[in-house]
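Single-letter residue listing:
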Amino acid sequence: MRVIIQDDYQKMSLWAANYIAEKINAHKEDRPFVLGLPTGSSPIGVYQELIKMNKAGKVSFANVVTFNMDEYVGLPHEHDQSYWYFMHDNFFDHLVDMKAENINILDGMTDDPEGECKRYEEKIASYGGIDLFMGGIGVDGHLAFNEPFTSLTSRTGVRDLTTDTRIVNSRFFGNDPEKVPSQALSVGIGTVTDAKEVLVLISGHNKARAMAAVVEGNVSQKWTCSALQMHNAAIIACDEAACGELMVDTYKYFLDIERKERI
């Protein structure tokens, strides 16, 4: 595992955006570059930087296929809190060469949730898998909507959301947890870790315990993000605030080994 420590959220976002752009630009295979994407506050800075690069001609999305991590059950595309809406509003609609047919987001309005999840896994496989999956984690270490004690080999499926997650997300629903959907469709931990590379963003002191769990803790269903420890090409991009619970020697080790990566 690599841990890239940047001074603040902005520098963390720029580092991650540069890394993704480099991977897209270096892709020489006949098939598209397949990119897994998250929603939430963590990736917004990365999306903003990628939009700038795309408009400046530094990276093209013409040969990129995307698969999003999750979607709320019961929210139509036009709902301003659906993840379909979030992704188009914050990213896809601002890219100059993103093809609509290359965007894949789970359908939260489907009449057949299990079938939708199976179809999603099959479509990922049809492209030869995901080249790079970017993600963020919750304060309890959940990755996508894989709440604590979800199987670390789980595949895309229906997830029940914990009260804590609904409370945290209620800030987008008028601070009313009851307005937050109780279920979501989500890729599994196994779906994420099947990707050739996984890049997880962790920022802010409120994520410090989760950061320590994923880097220093045991591999455990309690912290689903800890599955990254078993991935051969996992990267954590974080800011200083997220490192508050790391042991001093751990912090110094990653600063030393990755010192060339500090912007």
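Before going into details, it helps to say that this report is about the structure given with it.

Conventions and cut-offs
Residues numbered from 1 in each chain as written. Predicted model: local features only at pLDDT ≥ 70, side-chain atom pairs only at ≥ 80, totals over all residues. Heavy atoms only, no water. Helix = DSSP H or I, 4+ residues; strand = E, 2+ residues; numbered from the N terminus. Buried < 20%, exposed > 50% of the residue type's maximum accessible area, 1.4 Å probe, protein only. Contact = heavy atoms within 4.5 Å. Areas by Shrake-Rupley, 256 points an atom, 1.4 Å probe, with all protein chains shown as cover. Lys, Arg positive; Asp, Glu negative; His and termini not counted. Charge placed at Lys NZ, Arg CZ, Asp CG, Glu CD. Expected span 1.5 Å × (residues − 1). Polar contact = N/O pair within 3.5 Å; in protein donor to acceptor, adjacent residues only side chain to side chain. Pairing = 2+ DSSP bridges. Axes fitted to C-alpha atoms, helices over the stretch in contact; angles between N-to-C directions. Right-handed = clockwise from strand over helix to strand, strands pointing away. Salt bridge = Lys/Arg side-chain N within 4 Å of Asp/Glu carboxyl O. Core = buried A, V, L, I, M, F, W, Y, C linked by side-chain atoms within 4.5 Å.

Things to note about the overall build of the protein chain
Each helix and strand counted, the protein chain has eight helices and ten strands in total. Counting over 263 residues, the protein chain shows a buried share of 54%. Sequence separation of at least 24 residues holds for 79% of the intrachain contacts in the protein chain that already meet a minimum separation of 6. Summed over its atoms, the accessible surface of the protein chain is roughly 11,700 Å², and 50% of this surface lies on carbon and sulfur atoms. Each charge class in the protein chain was averaged separately, 25 positive and 38 negative side chains, and the resulting centres sit 5 Å apart.

Observations regarding helix 1 (residues 9-26)
Under the 1.5 Å per step criterion, the end-to-end length of helix 1 is 26 Å for 18 residues, consistent within 8% with the ideal 26 Å. Listed in full, the buried residues belonging to helix 1 are Met12, Ser13, Trp15, Ala16, Ala17, Tyr19, Ile20, Ala21 and Ile24. Here helix 1 starts with a cap whose side-chain oxygen sits 3.3 Å from the backbone nitrogen of Gln10, and that cap is Asp8.

Quick word on the sheet that holds strand 5 (residues 103-104)
Hydrogen bonds along the backbone pair up the strands of a sheet, which may run parallel or antiparallel. What the seven strands build is an open sheet, ordered 1-10-9-6-2-3-5; its pairing is parallel. The open sheet has two edge strands with one neighbour each: strand 1 (2-6) and strand 5. In this sheet, strand 10 (residues 234-239) lies alongside strand 9 (residues 197-202) in parallel orientation, the contact comprising five bridges. Looking at the pairing, Leu199 lines up with Ile235 of strand 10. Helix-sheet contacts for helix 1 involve strand 1, strand 2 (33-37), strand 3 (64-68), strand 6 (132-136), strand 9 and strand 10, and the interaxial angle to strand 9 is about 165°.

Digging into the pairing of strand 2
Where burial is concerned, most of strand 2 is hidden: five out of the five residues are buried. Burial along strand 2 is two-sided: the residues Phe33, Leu35 and Leu37 and Val34 and Gly36 are all buried. Pairing analysis gives five bridges linking strand 2 to strand 3, with the strands arranged parallel. Within strand 3, the position partnered with Gly36 by the bridge is Phe67. The handedness of the strand 2 to strand 3 crossover, carried by helix 2 (residues 44-55), is right-handed. Two strands pair when backbone bridges link them, and strand 2 and strand 6 are joined in this way by two bridges, in the parallel orientation. Residue pairing across strands places Leu35 opposite Leu132, the latter belonging to strand 6.

Remarks on the pattern of salt bridges
In total, this model carries twelve salt bridges according to the counting rule given. Lys11 is the salt-bridge partner of Asp7, the closest N and O atoms lying 3.2 Å from each other. Here Glu116 ties to Arg119 by a salt bridge, and the two come within 2.9 Å at their closest N and O atoms. Of this pair, Glu116 and Arg119 both sit in helix 4 (residues 113-126), separated by three residues, roughly a single helical turn. The class of Glu116 is buried, set by a relative accessible area of 9%. Relative accessible area serves as the criterion here: at 35%, Arg119 is assigned to the partly exposed category.

Overview of the nonpolar core
Counting 42 residues, the largest nonpolar core has Ile20, Leu50, Phe61, Phe91, Phe92 and Leu199 as its most contacted members. Elements represented by at least two residues in this core include exactly helix 1, strand 2, helix 2, helix 3 (83-90), strand 6, strand 9 and strand 10. Considering every element that reaches this core, the biggest residue donor is helix 1, with eight residues. Once you skip the residues sitting within four places of it in the chain, Leu199 turns out to touch Trp15, Ala16, Tyr19, Ile20, Leu132, Phe133, Met134, Gly135, Ile235 and Ala237. Ranked by size, the runner-up nonpolar core spans 41 residues in total, among them Val65, Phe133, Ala210 and Cys238.

That's the geometry; what it means functionally is another story.
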